[in-house]
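Below are the chains, spelled out letter by letter.
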Amino acid sequence: MTLGLWNSVAIVLGFSFFVIFLDEYIVKPRRHKKWERLAASGDKEAQELLKLARSAKVMDE
Amino acid sequence: MALDYEVPQDKRLLYWLGDKLIDYRHPVSVVVLVVTAVFAYWGFQLHLVTSFGDLLPQDHPYVRIHNKYSGTFGGANNINIMLEVKDGTIFTPKTLNKIWDMTVALDKVYGVNHNQIDSIAHRTVRYLKVAAGGTMRAQPVMLQKVTSDEEAGAIRRYVHNAENIYGLLVSLDDKAALIRANFIEGRLDYQRIFTEVNENIVTPFQDDNTVVAVAGEPRLYGWVYHYSGDVFFILVITYCLEWVLRWMYFHDWRGALRPTITGLIAAFWGLGFIHLIGLALDPLMLVMPFLITARAVSHAIQMHDRYYEEFEKSGWHKRRAIVASFAELFVPTLSGITADAFGVLVILLVPVVMLQKLAITASWWILAITISEMLLNPIVYYYLKAPEPELVLLRERGAFRKGIERFVGGLLTPVGKGITVVAWLSATVVAFYFLRGLSIGDPTSASPLLWLDSPYNVSHKEIQDKFGGVEPLIVVAEGYDKDAMKDPGALRNMERFQRHLERDPSIGYSFSLADIIRAVNMVFHELEPKWGVIPDNWVDIGGLFFIYFSGSPPTETAKYVDPSYTTAHVTFFAKDHKGENIRRMIKECKDFIVGTEIDDLGVVVATQDGHTVITGVKPEPIWEKAGPSWVVGSVPSSESPFKAGDRILTVGKQEITDAGSFRIALMEQANRSSFIDFTVDRGGQSVTTTVSAPWKAVFKLAGGLIGTLAAANEELTRNDVLMNVLGFSTMYLIMLFTYRSFAAGLYLLAPLALSNIMVNGYMAANDIGVNIHTLPLVTVGLGFGIDYGLYIVSRTIEEIRVRGDLEESVREALVTSGKAVTFTAVTMVISTVFWTTSHIRFNAEMGLLLAIWMAISYVGSQTLTPVLIVLFKPRFILKEAHRVPTLTSMGAPREAGAS
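Residues numbered from 1 in each chain as written. Chains lettered and ligands numbered in written order. Predicted model: local features only at pLDDT ≥ 70, side-chain atom pairs only at ≥ 80, totals over all residues. Heavy atoms only, no water.

1. Details of the overall build of chain B
Part 1 of the reasoning: Scanning chain B from N- to C-terminus turns up 29 helices and 20 strands.
Part 2 of the reasoning: Burial analysis of chain B (899 residues in total) assigns 61% to the buried set.
Part 3 of the reasoning: Considering only contacts in chain B between residues 6 or more positions apart, those separated by 24 or more positions represent 77%.
Part 4 of the reasoning: A total of about 34000 Å² of accessible surface is found on chain B, and carbon and sulfur atoms cover 61% of it.
Part 5 of the reasoning: For chain B, the separation between the mean place of its 80 positive charges and that of its 90 negative charges on side chains is 4 Å. (Helix = DSSP H or I, 4+ residues; strand = E, 2+ residues; numbered from the N terminus. Buried < 20%, exposed > 50% of the residue type's maximum accessible area, 1.4 Å probe, protein only. Contact = heavy atoms within 4.5 Å. Areas by Shrake-Rupley, 256 points an atom, 1.4 Å probe, with all protein chains shown as cover. Lys, Arg positive; Asp, Glu negative; His and termini not counted. Charge placed at Lys NZ, Arg CZ, Asp CG, Glu CD.)

2. Comments concerning the sheet that holds strand S2 (residues 78–85) of chain B
All names here are of chain B.
Part 1 of the reasoning: Taken in spatial order, the 4 strands line up as S3-S6-S2-S7 in an open sheet, and their pairing is antiparallel. Strands at the two margins of the open sheet, each flanked by one partner only, are strand S3 (112–118) and strand S7 (210–215). Ignoring strand direction, the axes of neighbouring strands in this sheet form an average angle of 20 degrees.
Part 2 of the reasoning: Note that S2 and S7 share 6 bridges and pair antiparallel. Looking at the pairing, Met-82 lines up with Ala-213 of S7.
Part 3 of the reasoning: Against the sheet, helix H3 (residues 61–73) makes contact with S3 and strand S6 (176–183), and its axis sits at roughly 70 degrees relative to S3, the strand it touches most.
Part 4 of the reasoning: Its contacts with the sheet place helix H6 (residues 190–202) against S2, S6 and S7, and it is angled at close to 165 degrees to S7. (Pairing = 2+ DSSP bridges. Axes fitted to C-alpha atoms, helices over the stretch in contact; angles between N-to-C directions.)

3. What about the interface of chain A and chain B?
Part 1 of the reasoning: Tallying the contact residues gives 31 residues for chain A and 32 residues for chain B.
Part 2 of the reasoning: Summing the contributions of chain A and of chain B, the shared interface buries around 2900 Å²; its carbon and sulfur component is 69%.
Part 3 of the reasoning: Along the contact surface separating chain A from chain B lie 4 salt bridges.
Part 4 of the reasoning: Among the ionic pairs, Lys-402 of chain B bridges to Glu-45 of chain A, the shortest N-O distance being 3.9 Å.
Part 5 of the reasoning: Counting across the interface, chain A meets chain B through 9 residue pairs in polar contact (both at pLDDT 80 or more).
Part 6 of the reasoning: Top contributing element to the side of chain A that touches chain B by residue count: helix H1 (residues 5–40) of chain A, with 17 residues.
Part 7 of the reasoning: When grouped by side-chain class, the residues that make up the side of chain A that touches chain B number 18 nonpolar, 4 polar and 9 charged. (Buried area = accessible area lost by both parts, 1.4 Å probe. Salt bridge = Lys/Arg side-chain N within 4 Å of Asp/Glu carboxyl O. Polar contact = N/O pair within 3.5 Å; in protein donor to acceptor, adjacent residues only side chain to side chain. Nonpolar A, V, L, I, M, F, W, Y, C, P; charged D, E, K, R; others polar.)

4. Section: the layout of surface pockets
Left-over empty space is what a probe sized like a water molecule reveals as it rolls over the atoms.
Part 1 of the reasoning: Here the largest pocket is characterised by a volume of approximately 1500 Å³.
Part 2 of the reasoning: What lines the largest pocket is a set of 46 residues, among which Leu-5 of chain A together with Leu-235, Leu-264, Ala-267 and Leu-271 of chain B lie closest to the centre.
Part 3 of the reasoning: The calculated volume of the second largest pocket comes to roughly 750 Å³.
Part 4 of the reasoning: If you trace the second largest pocket, you find 26 residues lining it, with Asp-10, Val-331, Thr-738, Arg-740 and Arg-801 of chain B closest to the centre.
Part 5 of the reasoning: Residue contributions to the lining of the second largest pocket peak at 7 residues, all from helix H11 (residues 318–345) of chain B.
Part 6 of the reasoning: Classifying every residue of the lining of the second largest pocket gives 11 nonpolar, 6 polar and 9 charged. (1 Å grid on protein atoms, 1.4 Å probe; cavity = no way out; pocket = protein on both sides within 12 Å on 5 of 7 lines; lining within 4 Å. Points joined across faces, edges and corners; volume = space filled by probe spheres on them.)

5. A word on the environment of Gly-410 of chain B
Residue and element names in this part refer to chain B.
Part 1 of the reasoning: Examined against the element boundaries, Gly-410 turns out to sit in helix H15 (residues 399–411).
Part 2 of the reasoning: Classification of Gly-410 as partly exposed rests on a relative accessible area of 34%.
Part 3 of the reasoning: Between the C-alpha atom of Gly-410 and that of Ser-372, which follows or precedes it by 38 residues, the distance is 38 Å.

6. A closer look at the packing of helix H22 (residues 579–601) of chain B against helix H24 (residues 704–739) of chain B
Residues and elements named next belong to chain B.
Part 1 of the reasoning: Between H22 and H24, the least distance of the axes is 10 Å, while the angle of their chain directions is 105 degrees. Classed by the angle they form, the pair H22 and H24 counts as roughly perpendicular. Packed against H22, whose contacting residues are Gly-579, Ile-582, Met-585, Ile-586 and Lys-590, the element H24 presents Ile-706, Leu-709, Ala-710, Asn-713 and Glu-714 at the interface. (Parallel < 35°, antiparallel > 145°, perpendicular 65-115°, else oblique.)

7. Some details on a nonpolar patch on the surface
Part 1 of the reasoning: A cluster of nonpolar side chains, Leu-5, Trp-6, Val-9, Leu-13 and Phe-17 of chain A together with Phe-44 of chain B, forms an exposed patch at the surface whose accessible area comes to about 610 Å².
Part 2 of the reasoning: Structurally, the position occupied by Leu-13 of chain A is in helix H1.
Part 3 of the reasoning: Assessed through its relative accessible area of 45%, Leu-13 of chain A is described here as partly exposed. (Patch = residues over 30% accessible without salt bridge, like charges linked within 9 Å, V, L, I, M, F, W, Y side chains within 5 Å.)

8. Concerning the pairing of strand S12 (residues 611–617) of chain B
Residues and elements named next belong to chain B.
Part 1 of the reasoning: With 6 bridges joining them, strand S11 (residues 603–608) and S12 adopt antiparallel strand pairing. Of the residues in S12, the one forming a bridge with Val-604 is Gly-616.
Part 2 of the reasoning: A loop of 2 residues connects S11 with S12, the two strands running antiparallel in sequence, and Asp-609 in this loop sits at a positive phi of about 50 degrees.

9. Focus: the packing of aromatic side chains
All names here are of chain B.
Part 1 of the reasoning: Tallied over the full model, the rule gives 38 aromatic pairs over all chains.
Part 2 of the reasoning: Ring centres of Tyr-739 and Phe-876 lie 5.8 Å apart, and the angle between their planes is 50 degrees; this geometry places the pair in the tilted category. Within this pair, whereas Tyr-739 is found in helix H24, its partner Phe-876 is found in helix H29 (residues 875–878), the two being separated by 137 residues in sequence. Each member of the pair, Tyr-739 as well as Phe-876, carries the same accessibility label: buried. (Phe/Tyr/Trp six-rings, centres within 6.5 Å; stacked < 30°, edge-to-face > 60°.)

10. What to know about the side chain of Gln-139 of chain B
Part 1 of the reasoning: Positionally, Gln-139 of chain B belongs in strand S5 (residues 136–140).
Part 2 of the reasoning: Not counting residues within four places of it along the chain, the set of residues in contact with Gln-139 of chain B comprises Val-125, Arg-126, Tyr-127 and Lys-129 of chain B.

Right under this line is the structure:
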């Protein structure tokens, strides 16, 4: 396939949405679970990280 | 929400601005988006176009001569088509008819100059035929298609007896024929020419025994356009790769998206502006937009990184983090953008329209980053959801951060500092060694725009191998009066000029009116070689010209001599266009022209005690006084305008300081007028004499591809050093105003200067010359190196205000701003390297070169700049120690207290 302007735009847009989907629905939940698992198994760094994250009060206005 | 919290007083305006941008986000967004939409619309109207005239320095004397005569004597846009047979010779009906059909097809290609086609099958290529009764006429070699072997044999005889054909349009082994055509510069459509030549001339005539090779500038640019689609592949790959890298670095898709928005907006503004001012995109300049967009993305990454940092510092307050990151990075970002933009603007100095247009558009494009990066940035962050604290904390504890901390720890030890200084000095010495080989112009005989094994360069080499040389250097012989070209002296000078320059290894062969007159004279005398000379009187020469040209219309003869016989040309066909070879050929031309003029004046000139002195006067020519001037006479006399011992003071109005200035002045004065004024010091007295030039015509440089390249190379040589000096000076001034320190510029520019030397050394070692295409990219690279250092120095100043200790501040700057700089540099280098996959060798090499440039600049900013700061302890940083900024809530300032 020869790439032109419009099929290039379609590919990069499609790829961007794919990454957003991947991040929001697969990678972030998995990462969170991984740190929770580490914290539960006694990992100090993971425990500290989760403690800090849970205590953070985000002001998103 | 107003600024109801305390902010540093010295930056309160920037905090206020950031806050107001969020307050007025709707009108600002609408205005920016509407303007961006308009620019985007214009951007989509852009086409790929290369304007040949824009590539030339139009005010250069060579280009003026080229423009004046390219319509008649031939320009720089020649296509050379070689038909070669593997078995037998071209003198068979089948092959000759192919040449006929190819010539007819070439005559129909868009933009071709119908009177400047050279082929044995074209009406303008003639041989002298002696007819019954002893009359002679110049007749086209092929009047129609060949029907028998006898006709083919007759054509072979005509060709072998014609000096203007054998060896020039038919190879000496009879296996190849050359078809050459010149294109009208105003009607050059490279893509259309490429397609029409392929469809109508190459494909239909190639078979098992016939090879068709095509070369020449229009063909070369045709290939470049053909390959320009590579850019989409490279853009898609780099976009996707950068998205993944940014996503991995920020642990969040917003970190991938935000820099993309900055890059896109800047790109729309830049591309739209190019269309707005009536320009087009050059396929050879596509690396430039890519590079500028990459810079925009790079600034955005810095901002995004700082936003995350401030988000944590501000206690997870999104708006405060946005305003703080905007205010704290405002100065280094603006300085970096300004340095880049004005650094590029110095390209305006080179009087080449294409480069000047590029300087304006690139500067605008870079400045447009301020809109997307600074004006719109706080608004975009405000609209986006705040990042999760977990991922902000996570990336501060990641392997990347730890790696940077380890590296910085090693760098700032005494051993690390020593290794850094020694390594940089050694690398600079090595680069200096290679730098000597850096050439202006093309360093290879093949076209550097495409790969050596590309179809174009293979064809080009095949034609060069068969015909010796195909790249024209046209020197115009311009007479003072009409019929000057019938003067035996003028024709002999042309012949001597040919023999002189043919000794140069880069010249394949040459052609001039003198060749025609000798050939005609020989045919007129029953082909006796002893008559292959230029007759010694005007009458015989005029008669021979009449015989040869009488049957041809002026449109056909104009390619040899103008209808009034005032002007003709000597065309040298060069084997290559290497920068050094062009310089040598032009020098040899000048040496011959001035040497002949001095000889014709009958004087011997030498330099004595720093003065230009006439050391001897020859008996010829015989001078006589005619009114106020000296003219060449016929009655022997001892009178002469020159005396041995005369010290030449001026020629025309030009003062003579040495032999070089005398040669230039004589050539320029002779080009201007047939009367030349000399002022000489004769026995302490100043004597002015006017001499009527003893020659009828002067040689003027230079048209054709070689002439125009010589002009471009001369302009580049003249401006290269000046551009570097001005580029560095501009950046130094911006650093001076940014940090209010004379030393700041030195710390930031020192690594950049060393990077510059190393990159130039790399260019020299890899046969990459400075030419009209590489120069702007090299200059852009120069400006881009400064950004990395700016972020480090600005952060060091910020940190020393709090920490008070220089080394600690540098360490913190390197692990915070330096981390983002490292990530930016790595992504930019990786994505730029993808250009090496391009079929266009120029884009591939420029991509690699810029990747190396950015890598060296990055290493300099992360190693040499901090080490120099720690070693020399600059005052502009130390004076900020413990000067904790006064905090203010925009109404009542108060001291925060020293920490």
